[in-house]
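# Architecture and fold: a report
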Amino acid sequence: MKPGPFDYARPATVERAAALLAGSGFAKLLSGGQSLGPMLNLRLARPDLLVDLTHIASLKEIRETKDFLEIGACVTHANIEDGLVPDCTNGMLPSVASNIAYRAVRNRGTIGGSLSHADPAADWVSTLTVLDAEIVIRGAKGQRRVPMANYMLGTFEVALEEGEFLEAVRVPRFSKSARWGYYKFCRKAGEFAEAIGAVVRDPERGVCRAVMGATHSTPILVADATALIGQGFDAAAAGALLDRHEITDAYERQLHVEALRRATVQAGA
Amino acid sequence: MADGDIKEGKGVGARLIRKEDDRYMRGRGQYIADIKLPGMVEVAFHRSPLAHARLRGVTIPEEHRGSVFTAADMVGVKPMRAVSGLPGFKPSEQPAIVTEKVRHVGEPVAICFAEGRAEAEDIAASLIVDWEELPAVSDMLKGREPGAPLLHEHWGDNIFLESFVDGDIESIAKDAAIKVTREIRTARQCMAPIEGRGVVAWWDNRLNQLTLYSACQMPHIIRTGLCGCLGLDHAQVRIIAPDVGGGFGYKGILLAEEVACGWLAMKIGRPVRWIEDRREALTAAANCREHHYFITGYAAADGTLLALEAEATVDSGAYSAYPFSACLEAAQVASILPGPYDFKAYRCRTYSVATNKCPILPYRGVARTGVCLAMELILDGIAVEAGIEPYEVRLKALVPPEKMPFDNITKKHFDSGDYPECLKRAVAAIDVPAVRARQKRGEPDGRLIGLGMSIFCEQGSHGTSVYAGWGIPMVPGHEQAQARMTPDGGLEIRVGVQSHGQGLETTLAQVANEVLGIDPAKIQVVHGDTGMTPYSTGTWGSRCMVMAGGAVATACKELGKRLGRIGAKLLQTDVANVKIGNGEVVGPSGSVSIAEIARVWYLRPQDLPADVDPGGIEVTAGYKPQRDSGTFSYAAHAVVVAVDPVTGGVEILDYVVVEDGGVLVNPMIVDGQVYGGVAQGIGTALLEEMPFDAAGQPLASTLADYLLPGSTDVPSIRILHMETPSPYTEFGQKGIGESGAIGPPAAIVNAINDAIRPLGAEINQVPATPRRVVEAIAAAARAKKVA
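### Re the nonpolar core
The tendency in soluble globular proteins is for nonpolar side chains to be buried side by side. Residue and element names in this part refer to chain B. If you look at the biggest cluster of nonpolar residues, it comprises 100 residues, and the most contacted ones within it are Leu337 and Ile752. If you tally residues by element for this core, the top one is helix α10 (residues 368-386), at eleven residues. Not counting residues up to four positions away in its chain, the partners in contact with Ile752 are Val641, Val643, Val650, Leu686, Ile763, Ala768 and Val773. Grouped together as the second largest cluster of nonpolar side chains are 79 residues, Ile97, Ile111, Val199 and Leu328 included.

Encoded structure:
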């Protein structure tokens, strides 16, 4: 299990990274390497060039405005877990971060890497969807932004064009009274989730969102979940959502519905 | 220092800190991957992507010719063969490199080398192989059916061996008030020592010898097997097992890779190294544990066990692996299924079935993990029918202490012990009434509490008579050990067994200390090297403390006699007047230290009289216990679980082990063995499974798919000891190494069933995954609706 041959570059600026990506051959971006590393070793990924983003200072930056928190792509899960990143979600971000895989993975794995890899079972995929985060994308032509719900297109598939990469995420600021819930079911601690339920209720901002994640594809988002969770949890409605997404396995359905129910309870709904 | 102090401090029974931990804890262990020789090349294998196929040809790109070898190049290399003397056994021939036909995914098709492993893998990936794919056998029950694809065509079927133990079930069955029948399955598992396997091989021109380092448990057996395949004399092969990071049975096998790397080193005249990666370990190496049972227990109305009838099938994989053979597992099943119980009639038919999977090897506990599960599930079933506590059913059936030693229904000779007392202590420690009260109260989070138990005995250190009966290539005889003094009063102990986590560098030093009184700090235990140690079948079957421990004691006693004879000369007294112990030879009017005797013998022989005993102070001695039918340690496991009936998740809330390993040489090390074993048993019970698709493809090729227990999955385990000496061994010690891994699946599945029984649900399969638990509950709900 050793990787095939590849070239390696470690640019210092996002512009240089974009230029390298635009060059010839198949390039992959390296951040924490917690998924890409094993994929290289298993030779599931065979890039000509690895562009290591971890020495670009701007990708580790944090920016705060009154509306949102912007987290650079190369910020690690551990930094979020440890409170080195300010929180605007009444504890949701650090709580989710602290339960990603194992600490060794969290020390290196990054929020941008996880979202670019787009494994449906990854915590940030469901979390940033329920948070209604915005993805900041950098390309040779500059920056653009898309909502998380439009960013992930499918399993390991995201809305990055040729030569583009994820530069940062913008997380909307919760109001003080906002409540959240997050429940994931794993076979054992540190494994990928089999089901994720995530809920954000923020009446002050008019937000009531719910997500069923760790499906076979993009998370199932209910952007207005008032009917689903507003008057207690509507298990039948959750089941109907799974029908619509053609999730038919009885065990998986039971897990998804239960994960969302538990998240709903945690969110005080 | 007083005699008692030394004995309590460092001999048999002391909780001595492990000598070897000094290097392990400092990261100074020397494993295969730490060995780098000048000019060494790295090996990668091109492995079969198919489970069953004919090999039509291998195309090697022009630029890699000379760096790739196939079976066609390996003229004269013989296949690995592990026969069994059991009547009806069909042998298989396992080539190191595939010759005509591949029988499981991962079989080596070509050996490739380069300066680095990545480059070797590049070369391996560049080969083009022409296959004719054949239908595969991926399920042992289907493999038994007529018309199944044949692995070894000339057999006419896929049965390595069918065996039958008969008894008069019918006369018991007709009057038995209770009959409990179950179909029980255990998963195919992959053993997963932290260190995988690995080989470094080089040809030593000076010695005319192949030196092969291998992460193995039985260097002498590997040497014998390798000599057979490569056509070399024993003098031409030296096997060294350096520090080895866990074995569990996984490293008790002659590897295709050892044969191929040994051959390659001779062919190219350079040192070669192969390090197994985790994908190879999961998909291309030996598997273990896959059993299927149809089993029926008969009992009286009060729950007294009367008879047991079973049909057991073991998935042996594609080949009979050297040296344990494809049949050890099923032979064990038939002989140990009755467990620690006494009952009237027993019948068991077993099948060892060839399938298109990696060969199986005995894994810690060997067949006991499966038979304990099958037996203990039946006993819980009987308890439910009889309306009594599961432990009460067991107390009625366990062999009582007054019957010890006891020959059970399959003629296993239980040496000693108080099985009922062991169970009673577990019942008390887990506090059955408190658990029952908690169950009644219910949990605020809706989880269901369950209590489960298992009790079993473990035959260990079984010797010549047992293995001669199985007739496999390896039959243990007298275990040998060498004890020799060094001129500075140090003691070298040389043993043919191999320590790969058992702490033998400490415990064998404790044994020597017990006999001679020499401080363990001055005792060096040498092991794992055929060039330096006496022949031995190696480390397996919980045998080292009994066999090598007995051999070390025997050698040290003889050494003591010789030291006494020299010491008597130095003390100018008759040998009848001296005693040895406490590190010295004591006479009527003075004493001389063993160190002084050694110094005089080697460095100042002029100080010795001419008539001194010329035998020297280096002794090799052989040892067998008074009976070689094995020691029987035993243990009761009791566990409390919380089952989430919605997600199927299982949490272990409490875990108790009551263990009787006879006299414990180092109780701290035994505790460690039990902790580790239980962790592995939890893996068997809840997590570990290698599934295959219909084409014979292994579906868990990384540790993200093959789940192993981690630190968060293993609860804090409470261990209680009993110490009933074996009447047959040197100090009364018994083999204990495998015990911890045997009891957990039975105890945990019984606990899960205890929790979900109010829902009408039951599970009879390991691992008891969340999906299986949920599906069992759903099936029960459906059945209720229909009713």
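### Things to note about the domain arrangement of chain B
Residue and element names in this part refer to chain B. Partitioning chain B into structural domains gives domain 1 (3-29 + 478-623), domain 2 (32-134 + 197-244 + 251-283) and domain 3 (287-464 + 627-786). One C-alpha centre belongs to domain 1, the other to domain 2; they are set 39 Å apart. Of the residues lining the interface, 20 residues belong to domain 1; the matching set on domain 2 comes to 17 residues. Note on domain 1 versus domain 2: buried area summed over both sides is about 1500 Å², and carbon and sulfur give 47% of it. Summed over the shared surface of domain 1 and domain 2, the number is two salt bridges. Here Asp243 ties to Arg23 by a salt bridge, and the two come within 2.7 Å at their closest N and O atoms. Residues of the side of domain 1 that touches domain 2, tallied by class, amount to five nonpolar, 13 polar and two charged.

### So, the packing of aromatic side chains
Residue and element names in this part refer to chain B. Tallied over the full model, the rule gives twelve aromatic pairs over all chains. On the basis of an interplanar angle of 80° and a centroid distance of 5.9 Å, the ring pair of Phe45 and Trp274 is categorised as edge-to-face. Of the two residues, Phe45 sits in strand β1 (residues 41-47) while Trp274 sits in strand β13 (residues 272-275), which places them 229 residues apart along the sequence. Here Phe45 matches Trp274 in class, with each residue buried.

### Description of the side chain of Asp277 of chain B
Residue and element names in this part refer to chain B. Take Asp277: it is sitting in the loop between β13 and α8 (278-283). A polar contact is formed between the side chain of Asp277 and the side chain of Arg117, at a distance of 3.2 Å. At 2.8 Å, the side chain of Asp277 and the backbone nitrogen of Glu280 are in polar contact.

### Comments concerning the pairing of strand β7 (residues 142-147) of chain A
Residues and elements named next belong to chain A. Strand direction decides the pairing type here: strand β6 (residues 134-139) and β7, joined by six bridges, are antiparallel. Bridge pairing in β7 links Gly139 to Gly142. The hairpin turn running from β6 into β7, its antiparallel successor, is two residues long.

### Here's the deal with the interface of chain A and chain B
Of the residues lining the interface, 20 residues belong to chain A; the matching set on chain B comes to 28 residues. A combined buried area of about 2000 Å² lies between chain A and chain B, and 55% of that area is made up of carbon and sulfur atoms. Between chain A and chain B we count five salt bridges in total. Of the charged contacts, one joins Asp644 of chain B and Arg262 of chain A as a salt bridge, the two residues approaching to 2.9 Å between their closest N and O atoms. The interface formed by chain A and chain B holds ten residue pairs in polar contact (both at pLDDT 80 or more) in total. For the side of chain A that touches chain B, the secondary-structure elements that each account for two or more residues are β11 (179-186) and α11 (250-266) of chain A. At six residues, the largest contribution of residues to the side of chain A that touches chain B is made by α11 of chain A. Within the side of chain A that touches chain B, the residues separate by chemical class into nine nonpolar, two polar and nine charged.

The rules we used
- Residues numbered from 1 in each chain as written.
- Chains lettered and ligands numbered in written order.
- Predicted model: local features only at pLDDT ≥ 70, side-chain atom pairs only at ≥ 80, totals over all residues.
- Heavy atoms only, no water.
- Core = buried A, V, L, I, M, F, W, Y, C linked by side-chain atoms within 4.5 Å.
- Buried < 20%, exposed > 50% of the residue type's maximum accessible area, 1.4 Å probe, protein only.
- Helix = DSSP H or I, 4+ residues; strand = E, 2+ residues; numbered from the N terminus.
- Contact = heavy atoms within 4.5 Å.
- Domains from an automatic or database assignment.
- Buried area = accessible area lost by both parts, 1.4 Å probe.
- Salt bridge = Lys/Arg side-chain N within 4 Å of Asp/Glu carboxyl O.
- Nonpolar A, V, L, I, M, F, W, Y, C, P; charged D, E, K, R; others polar.
- Phe/Tyr/Trp six-rings, centres within 6.5 Å; stacked < 30°, edge-to-face > 60°.
- Polar contact = N/O pair within 3.5 Å; in protein donor to acceptor, adjacent residues only side chain to side chain.
- Pairing = 2+ DSSP bridges.

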